Amino acid sequence: MDINFDFKQDPVGGHIHNYLLERARVVKQANGERSFHIFYQILAGASDAKLAELRLQRDPMQYLFLKQGGEGVKGLDDAAEYSNVVKAMKDIGFDESVVNDLHKFVAATVH
């Protein structure tokens, strides 16, 4: 997705690029790969209260779909990336209910 901003840094338009998401990658990963980053990011970066609300455990090794890909990527801070994703959603105008719905969708997929 490309987002266009005006001189005040307000979003004024954009373009959505279509990408093929590998559905199979959610449930099975090749050796040395992991599933989609957001799954690991939410577990690493969400507050304990948010994880409890979503009925998630912080350890990705508790989830069949995630433990196949290993514990992490060297040099990648999933907690910091989670914060960046949440900030970006708010910066482009997602209201809190949309952000919460996206959290629920990610959590349901992880379960």
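What counts, and where the lines are drawn
- Residues numbered from 1 in each chain as written.
- Predicted model: local features only at pLDDT ≥ 70, side-chain atom pairs only at ≥ 80, totals over all residues.
- Heavy atoms only, no water.
- Buried < 20%, exposed > 50% of the residue type's maximum accessible area, 1.4 Å probe, protein only.
- Helix = DSSP H or I, 4+ residues; strand = E, 2+ residues; numbered from the N terminus.
- Pairing = 2+ DSSP bridges.
- Patch = residues over 30% accessible without salt bridge, like charges linked within 9 Å, V, L, I, M, F, W, Y side chains within 5 Å.
- Areas by Shrake-Rupley, 256 points an atom, 1.4 Å probe, with all protein chains shown as cover.
- Salt bridge = Lys/Arg side-chain N within 4 Å of Asp/Glu carboxyl O.

**Brief notes about unusual backbone geometry**
If you check the backbone angles, Gln9 has positive phi at about 70 degrees while not being a glycine. The exposure class assigned to Gln9 is exposed, which follows from its relative accessible area of 59%. One non-glycine residue with positive phi stands out, namely Arg55, at about 60 degrees. Its location among the elements puts Arg55 in the loop between helix H3 (48-53) and helix H4 (64-67).

**Here's the deal with the pairing of strand S1 (residues 2-5)**
With four bridges joining them, S1 and strand S2 (residues 11-15) adopt antiparallel strand pairing. If you follow Phe5 over to S2, its bridge partner there is Pro11. Between S1 and S2, which pair antiparallel in sequence order, lie five residues; one of them, Gln9, sits at a positive phi of approximately 70 degrees.

**Focus: a nonpolar patch on the surface**
Residues Phe94, Val98 and Leu102 make up a contiguous nonpolar surface patch of roughly 200 Å² in combined accessible area. With respect to the element layout, Leu102 can be found in helix H6 (residues 96-110).

**As for the pattern of salt bridges**
The final tally for this structure, using the stated rule, is five salt bridges. In this structure, Asp78 and Arg34 form a salt bridge, with 2.9 Å as the shortest nitrogen-oxygen distance. One end of the pair, Asp78, is in helix H5 (residues 78-91); the other, Arg34, is in the loop between helix H1 (23-27) and helix H2 (37-45), with 44 residues separating them in the sequence. Its relative accessible area of 11% is what places Asp78 among the buried residues. In this structure, Asp48 engages Arg58 in a salt bridge whose closest nitrogen and oxygen atoms are separated by 2.6 Å. Of this pair, Asp48 sits in helix H3 while Arg58 sits in the loop between H3 and H4, and the two are 10 residues apart along the sequence.

These values are about where atoms sit, not about what they do.
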